[in-house]
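Tertiary structure, described
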Number of protein chains: 2
Amino acid sequence: MTNAAQSTAPQPAESSSGASAPSGFKPGKGAGATVGVALLGMGTVGSEVLRLINERSEEFASRIGGRLEVRGVAVGDLSKPRPGVDRELLTDDALSLVKREDIDLVIEVIGGIDFPRQIVTTALRGGKSVVTANKALIAAHADELSEAADESGVDLFFEAAVAAAIPVVGPLRRSLAGDKVNAVMGIVNGTTNFILDAMYHRGASYAEMLAEATELGYAEADPTADVDGYDAASKAAILASLAFHTRVSGDDVHTEGIRDISVDDIDAAKAAGSTIKLLAICERLVDESTGTESVSARVYPALIPTTHPLASVSESYNAVFVEAESAGRLMFYGNGAGGGPTASAVLGDVVAVARNIVHGGRGPGESTYASLPIADFGDIQTRYHVDMEVVDRVGVLAEVANAFSAHNVSLKTVRQQGIEDGARLVVITHRAKESELKATVESLKTLDEVRSVRSVIRMEG
Amino acid sequence: MTNAAQSTAPQPAESSSGASAPSGFKPGKGAGATVGVALLGMGTVGSEVLRLINERSEEFASRIGGRLEVRGVAVGDLSKPRPGVDRELLTDDALSLVKREDIDLVIEVIGGIDFPRQIVTTALRGGKSVVTANKALIAAHADELSEAADESGVDLFFEAAVAAAIPVVGPLRRSLAGDKVNAVMGIVNGTTNFILDAMYHRGASYAEMLAEATELGYAEADPTADVDGYDAASKAAILASLAFHTRVSGDDVHTEGIRDISVDDIDAAKAAGSTIKLLAICERLVDESTGTESVSARVYPALIPTTHPLASVSESYNAVFVEAESAGRLMFYGNGAGGGPTASAVLGDVVAVARNIVHGGRGPGESTYASLPIADFGDIQTRYHVDMEVVDRVGVLAEVANAFSAHNVSLKTVRQQGIEDGARLVVITHRAKESELKATVESLKTLDEVRSVRSVIRMEG
């Protein structure tokens, strides 16, 4: 984006004002034109997208002012039966498909990073607009892809990458474009929410609920991306980039998953009037002494009071909280995953992009002008729930309390419970720095009195 | 929007394909250009909008790729002191202001219908884009205004007209443009929600809570538009038009306000595990025998179970539920009124429209191609809570029950409570048609046994 002070005289629409400026808007193909579509991927989402493009063809034609025509469908395995797809459309050569002259819009619903990166980059450089649901791709390569989109003057839309049908990308890019967003916090992974919600309501173990989630289709055969928080981390990176007009990649997101959440942790949460949720937290921070702003994006399980709206997000639903200076607090809630909800988000983008292809123009591109620094995770402040097993003798509490105060961590509540041959000590802190809490925990582990630190879970909301 | 079947060959971008088709793509003023802004109205929202345009000028310049320059501010009373506004900008001649050559974008935050209608139409016909917060204007004159916007190829945006900062117009126009929306239900008026919420939680009367709302600034000196449901009805008309791609005006919305809600009604709701909310309901209906679709938009107070998410919308907050075929259920929640939240929505639109002015193109215009018929209110089905005072003697219940069954209204629960010299009878029906319930109530009123029908409130959710 050009700084207007440098160039106040109107420029002809086609001129380029710099390497990263949009190359000027493209006039459209014209009212009534046909938009050639390439669909990459025929999994759950891809097949639903294709089915609905056909089922809703008249509505879409009316809404776009032009007609969508799927001209190629790229799949991995050509031998697999594909009922409902014209075999003429199928190809296993996605690269050639996106290079075709008669393709205007590419829908990428393959997933993964490296192969989609190559295909999407080729498509954008070739002047095709792209609609994707691929959070991992955007979180990792938004910079390169946005640059390609800007240079060709085409759209790169990805509403479906975050919280499926719940509009979050659109509102952050558009409705909140006149505001100052200070925080985004949410439950953005359906698999982990299903597991934690079931653990809370049914007292079951993590392993049991992971097995059930897998049976029900809420978890993949390899659930790592979900349970270790990487899926949520990709979404946090995207949300933070949009909210703070700053490039935040998946690597910038401190990520902790839910593998270590135990039945005891859930019980401890209940005792504290809370539940445990895997949260994606994006925050704008201001250094009180210097006034410097920085941003943070992180994913970890946290205790949330049961009275908090996020606490009531059940099963595989998602919810996103946004806090903005003028708007105040907003919340969006709905289905964060699944063929129908994801297809809904993809198709909303397809209609918008197709409108631009027909009538001319582009939607908002990437906006990273603020370029705020990423805060060091050690400086992040929050509250902690620390659960320890200690020996039961005189002076233990004092030793433990000293370990906290030596690192500047102030205690809010302490609960001690006798157990066989020892005691369980549960401590809730006031707000403290990550680095100081981390040092405290390391210190506690060295104490003879402390048999084990069973869990350290943050508290939010 | 042209039906693509009529015109499949690409048309040159500038050609017009019919009276109601967009006039073709307008190239932008060019990256870095200045966008001349006229602000109409300096009330709570207008003054906040002006303040923020100045405070956020650098951010907006980066986000737009061009600079906003407020070139005129129209007010009613020039003599009134306006701290923070350059007096050179003030005028009381809004009409001349919007006709100026150097004005590209008009922000209308005056309110009212007739005068804004004239000004906004003039602006649109003169090729200026318009951003408005005026729900009554859009609900009444969307047809004429959209036509003017289409003919000039400019934007008419109104996110701020419905639920202030909560993005609803944007999601219905964009994210859900690929889906089929079947229902929209919400609490969209902060004044009435504040009053009803306070009546529920504090057992106070309507009159008491209206007085408090007025003191606190949640109600105007003349609260008619809010308490009689007209404000909600305008919003319902806008939501229904967007959801069903059909023109629904304020006049098409069956509207009932909250003036008659009594402390007894609130108590009866509590006894039924419910609360009372003023709801805006937009619904797509399908005639089971013919398959014909029609649409309904209505506003009335209704009992909602306390377990329903809308029941927990407190004070002056708003929430909107959307049900779409692929997306499933979505909910949006936040501040539905106030200077900051409304300004946030106005400015989101200003940035989007300014981007189009600078870079070329338009956002989605009005889409009413579906042209579904408005269902007759008498055919709408819902459940009813009917509260009567009856004489306490043999056969009364039978008479009352007969009145219901004679009109095909089936009873779900009946509760009788002795009161001095009579009895109170509270009946909850199964789903029934409005016309049949209305006939039942008229019939009940003719019965000697029925002293009075104290209230008839619908039940939703």
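Residues numbered from 1 in each chain as written. Chains lettered and ligands numbered in written order. Predicted model: local features only at pLDDT ≥ 70, side-chain atom pairs only at ≥ 80, totals over all residues. Heavy atoms only, no water.

Points about the sheet that holds strand 3 (residues 90–91) of chain A
Residue and element names in this part refer to chain A. Reading across from one edge, 3-2-1-4-5-6 is the order of the 6 strands in this open sheet, with parallel pairing throughout. Both edges of this open sheet fall to strand 3 and strand 6 (156–157), since each of them pairs with a single strand only. With 4 bridges joining them, strand 4 (residues 105–108) and strand 5 (residues 129–132) adopt parallel strand pairing. When the sheet's bridge partners are listed, E108 is paired in strand 5 with T132. (Pairing = 2+ DSSP bridges. Helix = DSSP H or I, 4+ residues; strand = E, 2+ residues; numbered from the N terminus.)

Some words on the relation of the copies chain A and chain B
Overlaying chain A with chain B gives an RMSD of 0.1 Å, the required rotation being 180 degrees about an axis along which the chain moves by 0.0 Å. Seen this way, the second copy is the image of the first under a two-fold rotation axis. With an isologous cut-off of 70% or more, the 97% of interface residues of chain A that recur at the interface of chain B puts this contact in the isologous class. (Least-squares fit on C-alpha atoms with pLDDT ≥ 70 in both. Contact = heavy atoms within 4.5 Å.)

A word on the UniProt feature "active site" (unreviewed entry) in chain A
All names here are of chain A. Mapped onto this numbering, the UniProt entry gives "active site" (unreviewed entry) at K235. Here K235 lies in helix 10 (residues 230–244). In this structure, K235 is in contact with K135, A161, V162, A163, V188 and N189, ignoring residues within four places of it in sequence. (UniProt positions renumbered as here; feature names shortened; annotations may be inferred.)

Here's the deal with the sheet that holds strand 6 (residues 156–157) of chain B
All names here are of chain B. Read across the sheet, 6 strands follow the order 3-2-1-4-5-6 without closing on themselves; strand pairing throughout is parallel. The open sheet terminates on both sides in strands that have one partner only, identified here as strand 3 (90–91) and strand 6. For strand 1 (residues 34–40) and strand 2 (residues 67–74), the ladder comprises 7 bridges, and the chain directions are parallel. When the sheet's bridge partners are listed, V35 is paired in strand 2 with L68.

A few points about the packing of aromatic side chains
Residue and element names in this part refer to chain A. For the structure shown, the criterion picks out 5 aromatic pairs over all chains. Ring centres of Y317 and Y333 lie 5.4 Å apart, and the angle between their planes is 15 degrees; this geometry places the pair in the stacked category. With Y317 in strand 11 (residues 317–324) and Y333 in strand 12 (residues 328–335), this pair connects stretches of sequence that are 16 residues apart. Of the residues examined, Y333 reaches a relative accessible area of 18% and is grouped as buried. In this structure, K270 is placed above the aromatic ring of Y200, and the distance from its NZ or CZ to the ring centre is 4.8 Å. For R458, the ring lying beneath its charged end belongs to Y300, and the centroid distance is 4.2 Å. (Phe/Tyr/Trp six-rings, centres within 6.5 Å; stacked < 30°, edge-to-face > 60°. Buried < 20%, exposed > 50% of the residue type's maximum accessible area, 1.4 Å probe, protein only. Lys NZ or Arg CZ within 6 Å of the ring centre and 35° of its normal.)

Section: the nonpolar core
One finds A:I195 and B:I195 to be the most contacted residues of the largest nonpolar core, which totals 164 residues. In contact with A:I195, not counting residues within four places along its chain, are A:Y206, A:M209, A:L210, A:A213, A:V227 and A:I258. If you look at the next biggest cluster of nonpolar residues, it comprises 37 residues, including A:V85, A:I107, A:V109 and A:V358. (Core = buried A, V, L, I, M, F, W, Y, C linked by side-chain atoms within 4.5 Å.)

Some points on the packing of helix 5 (residues 135–152) of chain A against helix 10 of chain A
All names here are of chain A. Interaxial distance between helix 5 and helix 10 falls to 8 Å at its minimum, and their mutual angle equals 50 degrees. With respect to helix 10, the axis of helix 5 lies oblique. The handedness of the crossing between helix 5 and helix 10 is left-handed. Across the interface between the two elements, K135, A136, I138 and A139 from helix 5 touch D231, S234, K235, A237 and I238 from helix 10. Class assignment for the residues of the contact of helix 5 with helix 10 results in 5 nonpolar, 1 polar and 3 charged. (Axes fitted to C-alpha atoms, helices over the stretch in contact; angles between N-to-C directions. Parallel < 35°, antiparallel > 145°, perpendicular 65-115°, else oblique. Left-handed = near helix turned anticlockwise from the far one by under 90°. Nonpolar A, V, L, I, M, F, W, Y, C, P; charged D, E, K, R; others polar.)

A word on the pairing of strand 2 (residues 67–74) of chain A
Taken together, the 2 bridges between strand 2 of chain A and strand 3 of chain A define a ladder with parallel strand orientation. What sits directly across from A:V73, in strand 3 of chain A, is A:L90.

Description of the domain arrangement of chain A
By a widespread convention, an interface's size corresponds to the accessible area lost as its parts come together. Partitioning chain A into structural domains gives domain 1 (22–165 + 338–359), domain 2 (174–335) and domain 3 (378–459). In this structure, domain 1 of chain A and domain 3 of chain A have C-alpha centres spaced 52 Å apart. (Domains from an automatic or database assignment.)

Here we look at the side chain of A:S129
Mapped onto the secondary structure, A:S129 falls in strand 5. For A:S129, a relative accessible area of 5% gives the class buried.

Looking at the environment of B:L50
Note on placement: B:L50 falls in helix 1 (residues 44–55). Discounting residues that sit within four places of it in the chain, B:L50 has contacts with B:L39, B:M42, B:V70 and B:V85.

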